[in-house]
Amino acid sequence: MNRRIGHDVAIVGAGMVGAALALNLARAGFDVVVVEPRPPPPWRAEDEIDLRVVALAPSSVDLLGRLDVWASISAARACPYRHMQVWDALAPGQLRFDAADQGIAALGHIVENRLIQHMLWRALEADPHIALRCPAQVTATETDDDRRTLVLADDSRIAARLVVAADGADSALRTLAGIGTSDRDYAQRAIVAHVATERPHEDTAWQRFLPGATLAFLPLSDGRSSIVWSVPETEASRLLALDDSAFRAELGAAFDFRLGIILATTARAAFPLRLKLAERYLAPRLTLIGDAAHVVHPLAGQGVNLGLRDANELAGVLVEARDSKRDFAGGAALRQFERRRRSDNALSAHAFDTIQRVFASEAMPLAALRGAALTVVDRIGPLKRLFADHAAGR
Ligand SMILES: Cc1cc2nc3c(=O)[nH]c(=O)nc-3n(C[C@H](O)[C@H](O)[C@H](O)COP(=O)(O)OP(=O)(O)OC[C@H]3O[C@@H](n4cnc5c(N)ncnc54)[C@H](O)[C@@H]3O)c2cc1C
């Protein structure tokens, strides 16, 4: 640790994105401190598959592999999917992606958030270049020319050349740094549950657009599927209040019985959906990554994938600046990071937003576009490749 400045980098928030950045930087020789209010709940193989799962794109799997945590995640419990099928309730046409067409083994993997966090946390604890401050919470921050200081709830202080806010959608540090957001409430909730279906999931991630709603079935390693059913608020309250058998019947119909009837369901949970984009990613000696910088609609399953790309890009520009003897936390390196990631994140967020608006609309001209859009994308090779590449994080 540099005595005068403090740490090289302080990362606030050890969710999937903050933890991945911490490991990435520590492995590159940076002196890192991580501030987190609570350790993640432990993951145990004998426990039920947790309700919160994410679809990890190949770029995310690559990153976790380079951080030496993917092997233990995949050995514990992860389900690869080799096909993806998207279709619409209001119009003919469908979009199908196959891993084989792209020359890859899997389009992605469905993994429990809790398992990813557990493995990352173990790696953080084991890394000699990482100081973990947990439980701890930031209450104030101040900056001068060459460092930023964090004041914690116990009145202790942490100084670092660079502070990274990775403390999630409601980032307190983003607010403390005076960075605003533009927000849109989708007035929707995503209902999640794991369900057993009459027929196997065929290693496929399925997505159906419905009037005002989207429904995904994501394959799990025990043969069940994890559903993400994004519906308007009032519809969410109604669906959550149904007993299991009525819920299974409605879910089966909404999914067009693609996998037969729904045989069983776990308890359901629901998450409010919003779009939230930080107005800028930078303040003096501070930057935002992950959900602290961008919260997107889950219809494309990209939130954490975008965040992990932030972590990868930020680590890359910091290493490059340090290796060329520049101030890695000075403006130039960070502006390079912001330029690259903010445009990609905004483009993705607006693309998901547009898809959400088109498919949420029941107005006829838009409804007519829906099937046509899917068919066109499916038939035009380069366009389809563009979608596939983006989903894969290439
Ligand atoms: C229903 C649903 C389905 C989704 N499905 C997918 C999917 O399939 N694929 C995908 O890529 N994404 C998906 N997402 C999005 C994904 O879950 C998020 O993008 C991801 O969890 C964000 O990770 P993060 O590390 O940036 O933030 P978080 O996971 O929110 O982590 C933030 C961390 O900061 C800590 N923290 C909070 N406050 C403070 C504080 N004041 N000080 C210090 N630390 C603090 C928290 O304890 C936590 O550890 C989905 C989201 C939803 C709602």
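Structure report, in brief.

Regarding its fold elements, the protein presents eleven helices and 20 strands. A globule of 394 residues ought to have a C-alpha radius of gyration of about 21 Å, and the protein, at 22 Å, matches this closely. Projected onto its principal axes, the C-alpha coordinates of the protein cover approximately 65 × 45 × 40 Å. Classification of the 394 residues of the protein by burial places 54% in the buried group. Considering only contacts in the protein between residues 6 or more positions apart, those separated by 24 or more positions represent 73%.

Quick look at the site of the ligand now. Taken together, 29 residues surround the ligand, and among them Glu-36, Arg-38, Ala-55, Asp-291 and Val-304 come closest. Note that an oxygen atom of the ligand is positioned 2.7 Å from one of the side-chain N or O atoms of Glu-36. With respect to the ligand, the side chain of Arg-38 contributes an N or O atom lying 2.9 Å from an oxygen atom. About the coverage of the ligand: the protein hides 84% of its 1,000 Å² of free accessible area. Of all the elements in the fold, those that place two or more residues in the shell around the ligand are helix 1 (16-27), strand 3 (53-56) and helix 8 (303-323). Considered class by class, the residues forming the shell around the ligand number 15 nonpolar, nine polar and five charged.

The next point concerns helix 8. Look at helix 8: 31 Å from first C-alpha to last across 21 residues, which is about the 30 Å you get at 1.5 Å a residue. Where helix 8 terminates, the next one or two residues include Lys-325, which has phi positive at roughly 60°.

Summarising the element assignment, Arg-114 is placed in helix 4 (residues 113-126). Each C-alpha atom of the pair Arg-114 and Pro-41 lies 7.1 Å from the other, and the pair is 73 residues apart in sequence. For Arg-114, the contacting residues outside a window of four places in its chain are Pro-41, Pro-42, Trp-43 and Asp-50.

Under the counting rule described, the total for this entry stands at seven aromatic pairs. Seen from their ring centres, Trp-87 and Trp-206 are 6.2 Å apart, and the 80° between their planes marks the pair as edge-to-face. Residue Trp-87 is found in strand 5 (residues 83-88), and its partner Trp-206 is found in strand 13 (residues 204-210); the two are separated by 119 residues along the sequence. Centroid distance Trp-206 to Phe-255: 6.1 Å. Interplanar angle 90°. Geometry classified as edge-to-face.

Now for the packing of helix 1 against helix 8. Relative to each other, helix 1 and helix 8 sit at 25°, their axes nearing to 9 Å. As summarised for this structure, helix 1 and helix 8 are arranged roughly parallel, according to the angle between their axes. Two packed elements cross with a definite hand, and for helix 1 against helix 8 that hand is right-handed. On helix 8, the residues touching Met-16, Val-17, Ala-20, Leu-21, Asn-24 and Leu-25 of helix 1 are Val-304, Gly-307, Leu-308, Ala-311, Asn-312, Leu-314, Ala-315 and Leu-318. Classifying every residue of the contact of helix 1 with helix 8 gives eleven nonpolar, three polar and no charged.

We now examine the pattern of salt bridges. Overall, the coordinates contain 26 salt bridges when judged by the stated rule. A salt bridge links Arg-157 to Glu-142; the nearest nitrogen and oxygen atoms lie 3.0 Å apart. Taken as a pair, Arg-157 in strand 11 (residues 157-165) and Glu-142 in strand 9 (residues 138-144) lie far apart in primary sequence, 15 residues in all. Note that Arg-341 and Asp-344 form a salt bridge whose closest N and O atoms lie 2.7 Å from each other. Taken together, the residues span about one helical turn, with Arg-341 and Asp-344 both in helix 9 (residues 331-360) at a distance of three residues. Residue classification places Arg-341 among the buried positions, given a relative accessible area of 6%.

Rules of the game
Residues numbered from 1 in each chain as written. Predicted model: local features only at pLDDT ≥ 70, side-chain atom pairs only at ≥ 80, totals over all residues. Heavy atoms only, no water. Helix = DSSP H or I, 4+ residues; strand = E, 2+ residues; numbered from the N terminus. Rg over C-alpha atoms; globule rule 2.2 N^0.38 Å. Buried < 20%, exposed > 50% of the residue type's maximum accessible area, 1.4 Å probe, protein only. Contact = heavy atoms within 4.5 Å. Near = heavy atom within 4 Å. Polar contact = N/O pair within 3.5 Å; in protein donor to acceptor, adjacent residues only side chain to side chain. Areas by Shrake-Rupley, 256 points an atom, 1.4 Å probe, with all protein chains shown as cover. Nonpolar A, V, L, I, M, F, W, Y, C, P; charged D, E, K, R; others polar. Expected span 1.5 Å × (residues − 1). Phe/Tyr/Trp six-rings, centres within 6.5 Å; stacked < 30°, edge-to-face > 60°. Axes fitted to C-alpha atoms, helices over the stretch in contact; angles between N-to-C directions. Parallel < 35°, antiparallel > 145°, perpendicular 65-115°, else oblique. Left-handed = near helix turned anticlockwise from the far one by under 90°. Salt bridge = Lys/Arg side-chain N within 4 Å of Asp/Glu carboxyl O.

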